[in-house]
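If you want the building blocks of each chain, they are given just below.
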There are 2 protein chains.
Amino acid sequence: MTIRIGILGYGNLGRGIECAIKQNDDMELKAVFTRRDPETVKVMTEGVKVYSVDDAVKMKDEIDVMILCGGSATDLPVQTPEYVKYFNVVDSFDTHAKIPEHFDNVNKAANESGKVGIISVGWDPGMFSLNRLYANAILPEGKDYTFWGKGVSQGHSDAIRRIDGVKDAKQYTIPVDSALEAVRKGQNPELTTRQKHTRECFVVAEEGADKAKIENEIKTMPNYFADYDTTVHFITEEELKANHSGIPHGGFVIRCGKTGMNKENNHIIEYSLKLDSNPEFTSSVLIAYARAAYRLNKEGQKGCKTVFDIAPAYLCSQSGEELRKHML
Amino acid sequence: MTIRIGILGYGNLGRGIECAIKQNDDMELKAVFTRRDPETVKVMTEGVKVYSVDDAVKMKDEIDVMILCGGSATDLPVQTPEYVKYFNVVDSFDTHAKIPEHFDNVNKAANESGKVGIISVGWDPGMFSLNRLYANAILPEGKDYTFWGKGVSQGHSDAIRRIDGVKDAKQYTIPVDSALEAVRKGQNPELTTRQKHTRECFVVAEEGADKAKIENEIKTMPNYFADYDTTVHFITEEELKANHSGIPHGGFVIRCGKTGMNKENNHIIEYSLKLDSNPEFTSSVLIAYARAAYRLNKEGQKGCKTVFDIAPAYLCSQSGEELRKHML
């Protein structure tokens, strides 16, 4: 029997889920739910229907796990506690500061419904969090470093697009090589925001716009750019499309720690990702945790969980015996 | 209440466990057990007694988790199923091919005694296995690469020491940079044994020994060296002691995988370790899993487990709430 997956929200993440399902033999895409007019949404998988989000609950017996592909700002805080009343759900809620509150809301609803809700799945939060936790458990005395990039920051790109005279823009977050190297050498540097990352912007200006003014507005924008060394390149719309239409990302989680009676030995644990497509990779993580949600619920478990609460074997379709034989 | 740890076997690993306990506030070293005359074994922690291994079972109510620090060849296959009759145990069994058999033996005994036995803990098997599993779960279509080093291989050093005319020796396993780079670039190379690692040997010859003969014996030794590009350096005993007395190790687990409707996007997941002391790092992993063994058993769980079966949160002393707030 295959695990029947529903996708709620058909943007970049929803499409990534659709692709990921094709790579997992034990899963099938059962339905896609949208807030748009379903007639206007065309999915890639043959035979799969698109429904209005209003019809989702009616299909509660036909879907084993619903993947919630909405945004963290306004969608998921409402959707995850709501849909876990009817479905096992997985979301990619990524507002770090609000995770405790989101967890409590989802946990309450999931305990009442008897379903499993796994929140904050992806790579950060997600795989990066896991690596922080494992590294901290192993090396309790040490220092953590997280670097992001090189990759596209959607939030920063959007911020540039809101500037007067900007037609389109793409922003890359880039880790500073010398900072990474110092960390890897075990030098335990104290790094300011500016020393860790630089920001590179590719901007298409409206005809006749004041480029010097735009550049200044970007570089001095509080929170987004003011604390960073920022480079601005003005390019044509064609160049933006040709060279900057991908959504790559990635990053590094590094922990340097000490062991020994006199703390004489240093150890470096490093985890890194280099991703051609941020949403497709995130989707692939979500799908692995959808498998876990399904299995845990089959075993009678309920409530809200994060990547910290799930034994790794639940993510794989192979049996424990096979995993021990081939991967241990 | 602290978790009371016993150490069975006081070699490099046992001493590493002793150091690691000092870095974890929720643990205390209760006793060390040895096959040697306990009078001849001096531990570093004040107030801790050394007992004969024959007295271990008598202390079953005073120890929450026994860490088994014996070797995989002959000690652990006997010790782990034996001691799990009386204690929660953790071992670092690392004979990959025999893990299924070891698991079954420990599982049977642990299910009968009601204790938890966690086997094959360390970094390979252990953290490397976990990273293979997570990466495979996320990217089902891809290719795995494991590189070891730069580090000291005890087995290879021992093999050199058994050669006639060799007084002492140290062997380093070194990953080939160009192979690593090709993997990181997503080129999915097919790599032979020789293309992945080189071996570098530092040898102290007996006075008057035939060095050319020794070098030839090393380089042509089947399984150990014949399939590798091996370099042999003859050095003095003083040089060996001064420059090669550490036990560093490390390595890389890399998975390259594809996503997308037409598999058009590549992703690289890389995990790496750079360790000053192989046994101390392994010990630090064992201690984290000792915490898990204790907690799982408190919850009523029993049987044999591996790193695949244990939810990450069990490794940390912090509450789920704290972990979500600070690490997710």
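Up top you'll find the structure we're talking about.
Owing to the predicted nature of the structure, the values given are computational and were not obtained by experimental measurement.

Visitor: Hey, could you run me through the interface of chain A and chain B in this one?
Guide: Interface extent is often summarised as the accessible area lost during association of the parts. Taken residue by residue, the interface counts 68 residues in chain A and 68 residues in chain B. Both faces combined, the contact of chain A with chain B buries some 5900 Å², and carbon together with sulfur accounts for 64% of it. On the chain A side of the contact with chain B, A:Gln23, A:Met261 and A:Leu328 bury the most area, a combined 14% of that side's loss. The interface formed by chain A and chain B includes zero salt bridges. Counting across the interface, chain A meets chain B through 25 residue pairs in polar contact (both at pLDDT 80 or more). Breaking the side of chain A that touches chain B down by element, the ones donating at least two residues are helix H1 (12–22), helix H3 (99–113), helix H4 (127–138), strand S12 (249–259), strand S13 (265–275), helix H10 (278–298) and helix H11 (320–326) of chain A.

Visitor: Can you help me understand the packing of H4(A) against helix H10 (residues 278–298) of chain B in this one?
Guide: Packed helices, taken two at a time, are described by the angle between their axes plus the distance between the axes. Remark: H4(A) packs on H10(B), axes separated minimally by 8 Å, with the N-to-C direction vectors making an angle of 105 degrees. Relative to H10(B), the element H4(A) lies roughly perpendicular. Of H10(B), the residues touching H4(A) (which contributes A:Tyr134, A:Ala137 and A:Ile138) are B:Phe281, B:Ser284, B:Val285, B:Ala288 and B:Tyr289. Split into classes, the residues belonging to the contact of H4(A) with H10(B) amount to seven nonpolar, one polar and no charged.

Visitor: For this particular structure, what's the right way to read the relation of the copies chain A and chain B?
Guide: Mapping one chain copy onto the other needs a rotation about an axis and a shift along that axis. Expressed as a screw operation, the relation of chain A to chain B combines 0.0 Å of axial shift with a rotation of 180 degrees, fitting to an RMSD of 0.0 Å. Those values place the two copies in the arrangement expected of a two-fold rotation axis. It is A:Ala311 whose C-alpha, among those of chain A, lies nearest the rotation axis, at 1.9 Å. A share of 100% of the interface residues of chain A reappears at the interface of chain B, consistent with the copies meeting face to face through the same patch.

Visitor: Sorry if this is basic, but what is going on with the sheet that holds strand S6 (residues 116–118) of chain B here?
Guide: Note: strands within a sheet are paired through backbone hydrogen bonds, in either parallel or antiparallel orientation. All names here are of chain B. Read across the open sheet, the seven strands follow the order S3-S2-S1-S4-S5-S6-S14; overall the sheet is parallel. Because the sheet does not close on itself, it has two edges, and the strands there are strand S3 (49–52) and strand S14 (303–305). Recorded for the sheet is a direction-independent mean angle of 25 degrees between the axes of neighbouring strands. Direction of pairing for strand S2 (residues 27–34) relative to S3: parallel, over a ladder of four bridges. For Thr34, the partnering residue across the bridge sits in S3 and is Ser52. Those strands touched by helix H3 (residues 99–113) are strand S5 (88–91), S6 and S14, and its axis lies near 140 degrees from that of S14.

Visitor: When you look at the pairing of strand S1 (residues 3–8) of chain B in this model, what are you seeing that I'm missing?
Guide: Put simply, side chains in a regular strand alternate between the two faces of the sheet. Residue and element names in this part refer to chain B. Burial within S1 is extensive, with five of its six residues counted as buried. As paired strands, S1 and S2 are joined by six bridges and run parallel to one another. Opposite Leu8, over in S2, you have Phe33 as the bridge partner. With helix H1 (residues 12–22) bridging S1 and the parallel S2, this β-α-β connection has right-handed handedness.

Visitor: How should I be thinking about the packing of helix H2 (residues 76–83) of chain A against H3(A) in this particular structure?
Guide: All names here are of chain A. The geometry of H2 relative to H3 is characterised by a closest axis approach of 8 Å and an angle of 20 degrees between their N-to-C directions. Looking at the two axes, H2 sits roughly parallel to H3. The handedness of the crossing between H2 and H3 comes out as right-handed. Counting all contacts with H2, which are made through Leu76, Pro77, Thr80 and Pro81, the residues of H3 involved are His102, Asn105, Val106 and Ala109. Considering only residue class, the contact of H2 with H3 consists of five nonpolar, three polar and no charged.

Visitor: Where do I start with the state of the cysteines in this structure?
Guide: Put plainly, two cysteines are in a disulfide when a covalent bond ties their sulfur atoms together. Taken as a whole, this structure holds zero disulfides over all chains when the rule is applied. No disulfide involves A:Cys316; its sulfur sits 18 Å from the nearest other cysteine sulfur, which is in B:Cys256. Accessibility expressed as a relative area gives 4% for B:Cys256, which makes it buried.

Reading the values: the criteria
- Residues numbered from 1 in each chain as written.
- Chains lettered and ligands numbered in written order.
- Predicted model: local features only at pLDDT ≥ 70, side-chain atom pairs only at ≥ 80, totals over all residues.
- Heavy atoms only, no water.
- Contact = heavy atoms within 4.5 Å.
- Buried area = accessible area lost by both parts, 1.4 Å probe.
- Salt bridge = Lys/Arg side-chain N within 4 Å of Asp/Glu carboxyl O.
- Polar contact = N/O pair within 3.5 Å; in protein donor to acceptor, adjacent residues only side chain to side chain.
- Helix = DSSP H or I, 4+ residues; strand = E, 2+ residues; numbered from the N terminus.
- Axes fitted to C-alpha atoms, helices over the stretch in contact; angles between N-to-C directions.
- Parallel < 35°, antiparallel > 145°, perpendicular 65-115°, else oblique.
- Nonpolar A, V, L, I, M, F, W, Y, C, P; charged D, E, K, R; others polar.
- Least-squares fit on C-alpha atoms with pLDDT ≥ 70 in both.
- Pairing = 2+ DSSP bridges.
- Buried < 20%, exposed > 50% of the residue type's maximum accessible area, 1.4 Å probe, protein only.
- Right-handed = clockwise from strand over helix to strand, strands pointing away.
- Left-handed = near helix turned anticlockwise from the far one by under 90°.
- Disulfide = S-S within 2.5 Å.

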